[in-house]
Amino acid sequence: NTLELVKAIRAGELPTREDRSTDLAESHGSRAAKAGAVDQSSPWPPPGPARGGSPAERDAGRGVGKLQERMEAELLPALEVLRPIGRGSMADVYLAREPHLRRLVAVKVLSPQHCTDPRARKRFEREAQSAARINHPHVCTVYRVGSLADGTPYLVSPFVKGTTLTQRLEAEGRLNHQEVRRVLREVASALAAAHKIGIIHRDVRPDNVLRADETGRHSLCDFGIAGILETGEGEDPRLTFTDEILGNPAYISPEQLEGDPLTDRADVYSLGVLAHQLLTGHPPPSPELVEGESGKKGKVVELEPLADYLGDIDPDLDDGGC
């Protein structure tokens, strides 16, 4: 209590800074030993146990404000966390500054409620690895990865001031033919670069295409559920349960809806759905169960012909040409 603290101060019995540092190091060493062996295949350590639950578990119950406080304390001096700028289903994004390089960056950190989920951590890891492998001007790249003291993973990428296609459609409505052609060319080139090294994005939709305010250039983001083509390098550990669908059903291909093996054509299908939305200004409808030529029933998105929306549609664009 307070009286005992005052007595200790007067008697000169408080531990020194060196003593506290030693105790802290021993405490971390003890927790690491109890945590067991670390997965050598992952760049991030597993979440470590802590009294009363891990910091991530406590943050999940008290809001992301506590997560930001931990980031601010732990990432200095390399990163100065400024403010939150976005939130997804699995991760939170913060604006930060790298003082030594004098540049702004975006720090994406796995949300507290997912930190102890091994599949969520693996998907987050996959996003960093996939984006880092694709060196292309229309792909949101990754500078580096790291983890907080309790093992919560984060990745650092360039900060791009801009808007997603979803935000742009909400503000402007449908885009003109010339602009749609430009968007599709840039996103298609990003997908081609990914497919060339055996990566399928699997989640091409307006939320994952970012337009930079300064240059007008579009970048494909969020490789969190990216898959590996059978011809690609490396292994593709199964991260889904039976009947679990990843991605927005309105944009993903029929074979992806059915859980069948995917090829790069799955991304091409999603790009076509995106193109239809950009030209019409209307989001795609929910998938319907239809019977194919072979008699097998499957779920597909039935898009209305562009001519039903646009009387002056370019025939070449209506046929899929860009």
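Whatever comes next refers back to the structure up there.
Let me sum up the structure you'll find in this document.

Rules of the game
- Residues numbered from 1 in each chain as written.
- Predicted model: local features only at pLDDT ≥ 70, side-chain atom pairs only at ≥ 80, totals over all residues.
- Heavy atoms only, no water.
- Helix = DSSP H or I, 4+ residues; strand = E, 2+ residues; numbered from the N terminus.
- Buried < 20%, exposed > 50% of the residue type's maximum accessible area, 1.4 Å probe, protein only.
- Contact = heavy atoms within 4.5 Å.
- Areas by Shrake-Rupley, 256 points an atom, 1.4 Å probe, with all protein chains shown as cover.
- Expected span 1.5 Å × (residues − 1).
- Polar contact = N/O pair within 3.5 Å; in protein donor to acceptor, adjacent residues only side chain to side chain.
- Patch = residues over 30% accessible without salt bridge, like charges linked within 9 Å, V, L, I, M, F, W, Y side chains within 5 Å.
- Salt bridge = Lys/Arg side-chain N within 4 Å of Asp/Glu carboxyl O.
- Lys, Arg positive; Asp, Glu negative; His and termini not counted.
- Charge placed at Lys NZ, Arg CZ, Asp CG, Glu CD.
- Pairing = 2+ DSSP bridges.
- Axes fitted to C-alpha atoms, helices over the stretch in contact; angles between N-to-C directions.
- Disulfide = S-S within 2.5 Å.
- Core = buried A, V, L, I, M, F, W, Y, C linked by side-chain atoms within 4.5 Å.
- Phe/Tyr/Trp six-rings, centres within 6.5 Å; stacked < 30°, edge-to-face > 60°.
- Lys NZ or Arg CZ within 6 Å of the ring centre and 35° of its normal.

**Focus on the overall build of the protein**
Each helix and strand in the protein was counted, giving eleven helices and twelve strands. Here the protein holds 322 residues, and 40% of them are scored as buried. Contacts in the protein between residues far apart in sequence, at least 24 positions, make up 60% of those at least 6 positions apart. For the protein, the accessible area works out to roughly 18,100 Å², and carbon and sulfur atoms hold 50% of it.

**Quick notes on helix α7 (residues 177–196)**
Owing to its 3.6 residues per turn, the α-helix brings residues three or four apart onto one side. In this model α7 runs 28 Å from its N-terminal to its C-terminal C-alpha over 20 residues, within 8% of the 28 Å that 1.5 Å per residue would give. Measuring from the side-chain oxygen of the N-cap residue of α7 to the backbone nitrogen of Gln178 gives 3.1 Å; that N-cap residue is Asn176. Just downstream of α7, Gly198 is the residue with a positive phi angle, here 85°.

**Looking at the side chain of Asp150**
Secondary-structure assignment places Asp150 in the loop between β4 (144–147) and β5 (153–158). The exposure class of Asp150 is buried, given its relative accessible area of 6%. Among the polar contacts listed, one links the side chain of Asp150 to the side chain of Arg70, at a separation of 3.3 Å.

**Some thoughts on a negative patch on the surface**
Where like charges cluster on the molecular surface, the negative patch consists of Glu288, Glu302, Glu304 and Asp308. Turning to its location among the elements, Glu288 is positioned in strand β11 (residues 288–291).

**Structural notes on the sheet that holds strand β2 (residues 91–98)**
Here five strands make up an open sheet; going across it, the order is β1-β2-β3-β5-β4 and the pairing antiparallel. Of all strands in the sheet, those bounded by a partner on one side alone are β1 (80–87) and β4. In this sheet, neighbouring strand axes are inclined to one another by 30° on average, regardless of whether the strands run parallel or antiparallel.

**Quick notes on the sheet that holds strand β8 (residues 209–212)**
Across the sheet, which stays open at both edges, the three strands sit in the order β6-β8-β9 with antiparallel pairing between neighbours. At either end of the open sheet lies a strand with only one pairing partner, and these are β6 (162–164) and β9 (218–220). Taken over all neighbouring pairs, the strand axes of this sheet differ in orientation by 30° on average, direction set aside. Where β6 lies against β8, three bridges are found, and the strand directions are antiparallel. Within the sheet, the bridge partner assigned to Gly162 lies in β8 and is Ala212. α7 contacts β8 and β9 of the sheet and is inclined by roughly 35° relative to β9.

**A closer look at the state of the cysteines**
Counted by the stated rule, this structure contains one disulfide. Across a sulfur-sulfur distance of 2.2 Å, Cys140 and Cys221 are joined as a disulfide pair. With Cys140 in the loop between α5 (118–133) and β4 and Cys221 in the loop between β9 and β10 (227–228), this pair connects stretches of sequence that are 81 residues apart. On the basis of relative accessibility, which here comes to 23%, the residue Cys140 falls in the partly exposed class. According to the relative accessible area criterion, Cys221 is buried, its value standing at 15%.

**Describing the pattern of salt bridges**
Applying the stated criterion across every chain yields a total of 14 salt bridges. For Glu69, the salt bridge identified is with Lys66, shortest N-O distance 3.8 Å. With Glu69 and Lys66 both in helix α4 (residues 64–75), this residue pair falls three residues apart, about one helical turn. Salt-bridge contacts for Lys122 lead to Glu125; the nearest nitrogen and oxygen are separated by 3.4 Å.

**Some words on the environment of Ser286**
Residue placement: Ser286 occurs in the loop between α9 (265–280) and β11. By relative accessible area, Ser286 is classed as exposed at 57%.

**Some thoughts on the nonpolar core**
Counting 32 residues, the largest nonpolar core has Ile134, Phe223, Leu274 and Leu278 as the members making the most contacts within it. Of all elements in the fold, only α5, α6 (165–172), α7 and α9 reach the threshold of two or more residues within this core. Among the elements that line this core, the one with the most residues is α7, at eight residues. Those residues within four positions of Ile134 in sequence are excluded, and the remaining contacts are Val139, Ala193, Ala194, Ile197, Ile199 and Phe223. Of all hydrophobic cores here, the second largest spans 13 residues; its members include Leu67, Met71, Val109 and Leu148.

**A short note on the packing of aromatic side chains**
Counting across every chain of the model gives zero aromatic pairs. Sitting over the ring of Tyr143, Arg103 keeps its end group 4.0 Å from the ring centre.

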